Amino acid sequence: MTDAQKTAADTTLRAAGDSPPDPRPAPVPLLEPREGIPPVTATDEALAEVVAAFAAGTGPVAVDAERASGYRYGQRAYLVQLRREGAGSVLIDPVGCPDLSALGEAIGDAEWVLHAATQDLPCLRDIGMVPTRLFDTELAGRLAGFARVGLGAMVENVLGFALEKGHSAVDWSTRPLPEPWLRYAALDVELLVDLRDALEEELTQQGKLEWARQEFAAIAAAPPPPPRKDPWRRTSGMHKVRRRRQMAVVRELWTARDQVAQRRDVSPGKVLGDAAIVEAALSLPPNSRALAGLPGFGHRMGRRQLEQWQAAVDRARALPESELPQPGQPLNGPPPPRAWADKDPAAAARLSAARAAVTALAESLNLPQENLITPDTVRRLCWEPPAEPTRESVAEVLSGHGARPWQIEQVAPILTEALLTDAG
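As the structure is a computational prediction, the values presented were derived from the model and not from experiment.

1. What to know about the packing of helix α9 (residues 209-221) against helix α20 (residues 405-419)
Part 1 of the argument: Closest axis-to-axis distance for the α9/α20 pair is 8 Å, and the angle between their directions is 125°. Accordingly, the angle class assigned to the pair α9 and α20 is oblique. Residues Trp211, Gln214 and Glu215 of α9 touch α20, and the partners they reach there are Pro405, Trp406, Gln407 and Gln410.
Part 2 of the argument: A class-by-class count of the residues in the contact of α9 with α20 yields 3 nonpolar, 3 polar and 1 charged.

Here it is as structure tokens:
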């Protein structure tokens, strides 16, 4: 950090009571890249130089990735940004350099600093970059009690600098990438390690650093999530679809759209909107002419496309009853809480007491309830409590659901008490 940046950061972090507040908002300086915008690494030769430089660097490595969500199929990385002491900042094009495993190995023993790590880790894993240790500045901000944990807000509130805005949702698959976009991307890792250091100090002062370390270790050790079962059920507006034949139409259209989107490498929503799929399911059009009259299948759609979607509808219409999808998804766990009062009043009373206790404890610890303990874990515990609720038995159940030791230490006592609540 430069002297000017240190001065701004020290001023931001100084205790509020040192002097009377100035009613005028202090101007926040716009962050500038320290070494300018680095060239984009897009060849094996350039990548080899980057690998050598980062292997020789010291300290944590700031890492970020840009995807083309809403533009391209899938969640692959289209730009990777890194920064390390002694190596500076680099921008890497994963299209030109699709295998970054050598870089991942070169920094494998270092701590990786990411913001909202779970968003970037899947696409980084796909190109050979997997951390063994990490520090998540967004999660650290949540544990420290910050109300706004976006990267821009954190950098401004903690370090006193404003990040450039406006390019977070652009199409990062664009080639060549415009210089303003590259500047934006480079700045995302400019102060990430500085932010990490300031947040570590804040967490230490609050007695939460060990909590954060356990959370970071859990993220680093987590396996890739399994493929989602029946992803077509997540179609927006699916709640309107009640009949099994209509659900079959959604399934067929969703599958056909996904195949087209994957083949064309575009976002499924750009092929056919969810609202159009639901409209077709509700209407069950008998032919492509009727389909063309539905919202989302308008005059801009060609005859060949209409016939393609109508064929999917026809397949669903022709299915025998035995092959129609069942309503709802098989429950893996307790029923929705709204049904508890009728199904099991005692469980409903336990859940109500547990939620109130978790809310109060989270407020006293100044962190979000979902970071103290996940709502799903609380529901599962209250629906199927141990036969004899004790702190030890409750702790065992919580651990079985993936709760970290620090979470168990905090919530086991209050949840044990909640499980003893009488339905009255």
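There is more to say, and it comes next.
2. Examining the confidence of the model for the chain
Part 1 of the argument: The share of residues in the chain with pLDDT of 70 or more is 92%, and the mean pLDDT across the chain is 92.
Part 2 of the argument: Below pLDDT 50 for its whole length, residues 2-20 participates in 21 contacts with residues either more than four positions away or in separate chains.

3. Observations regarding the pattern of salt bridges
Part 1 of the argument: All told, the structure shown has 22 salt bridges when counted by the stated rule.
Part 2 of the argument: For arginine 83, the salt bridge goes to glutamate 190, with nearest N and O atoms at 4.0 Å. In this pair, arginine 83 is assigned in strand β3 (residues 77-85) and glutamate 190 in the loop between α7 (179-187) and α8 (192-206), connecting sequence segments 107 residues apart.
Part 3 of the argument: Glutamate 190 gets classed as buried once you look at its relative accessible area, which sits at 4%.
Part 4 of the argument: Put simply, Arg34, Glu35, Arg83, Glu190 and Asp194 are held in one network by salt bridges that share partners.

4. Topic: the sheet that holds strand β1 (residues 40-41)
Part 1 of the argument: Taken in spatial order, the 6 strands line up as β1-β4-β3-β2-β5-β6 in an open sheet, and their pairing is mixed. Edge positions in the sheet fall to β1 and β6 (133-136), since each of these pairs with one other strand and no more.
Part 2 of the argument: Examined bridge by bridge, strand β2 (residues 58-67) and strand β5 (residues 111-114) share 2 bridges and lie parallel to one another. The partner of valine 61 across the bridge, within β5, is tryptophan 112.
Part 3 of the argument: Against the sheet, helix α2 (residues 44-56) engages β1, β2, β3 and β4 (88-92), with an angle of about 145° to β4.

5. Description of a negative patch on the surface
Part 1 of the argument: There is a patch of like negative charges on the surface, built from Asp44, Glu45, Glu49, Asp99 and Glu105.
Part 2 of the argument: If one sorts the elements of the negative patch by residue count, α2 sits on top with 3 residues.
Part 3 of the argument: Mapped onto the fold, glutamate 105 is located in helix α3 (residues 101-106).
Part 4 of the argument: According to the relative accessible area criterion, glutamate 105 is exposed, its value standing at 66%.

6. Some words on the packing of aromatic side chains
Part 1 of the argument: Under the criterion given, the structure shown has 5 aromatic pairs.
Part 2 of the argument: Consider the rings of phenylalanine 135 and phenylalanine 216, whose centres lie 4.7 Å apart with planes at 50°: the pair is tilted. A residue pair is termed long-range when its members are at least 10 positions apart, and phenylalanine 135 in strand β6 and phenylalanine 216 in helix α9 qualify at 81 residues. Here the two residues phenylalanine 135 and phenylalanine 216 agree in accessibility, since each one is buried.
Part 3 of the argument: Grouping aromatic residues by their ring pairs yields a cluster made of Trp172, Trp181 and Tyr184.
Part 4 of the argument: We note arginine 76 situated over the ring of tyrosine 78; from NZ or CZ to the ring centre the distance is 4.7 Å.

The rules behind these values
- Residues numbered from 1 in each chain as written.
- Predicted model: local features only at pLDDT ≥ 70, side-chain atom pairs only at ≥ 80, totals over all residues.
- Heavy atoms only, no water.
- Axes fitted to C-alpha atoms, helices over the stretch in contact; angles between N-to-C directions.
- Helix = DSSP H or I, 4+ residues; strand = E, 2+ residues; numbered from the N terminus.
- Parallel < 35°, antiparallel > 145°, perpendicular 65-115°, else oblique.
- Contact = heavy atoms within 4.5 Å.
- Nonpolar A, V, L, I, M, F, W, Y, C, P; charged D, E, K, R; others polar.
- pLDDT = per-residue confidence, 0-100.
- Salt bridge = Lys/Arg side-chain N within 4 Å of Asp/Glu carboxyl O.
- Buried < 20%, exposed > 50% of the residue type's maximum accessible area, 1.4 Å probe, protein only.
- Pairing = 2+ DSSP bridges.
- Patch = residues over 30% accessible without salt bridge, like charges linked within 9 Å, V, L, I, M, F, W, Y side chains within 5 Å.
- Areas by Shrake-Rupley, 256 points an atom, 1.4 Å probe, with all protein chains shown as cover.
- Lys, Arg positive; Asp, Glu negative; His and termini not counted.
- Charge placed at Lys NZ, Arg CZ, Asp CG, Glu CD.
- Phe/Tyr/Trp six-rings, centres within 6.5 Å; stacked < 30°, edge-to-face > 60°.
- Lys NZ or Arg CZ within 6 Å of the ring centre and 35° of its normal.

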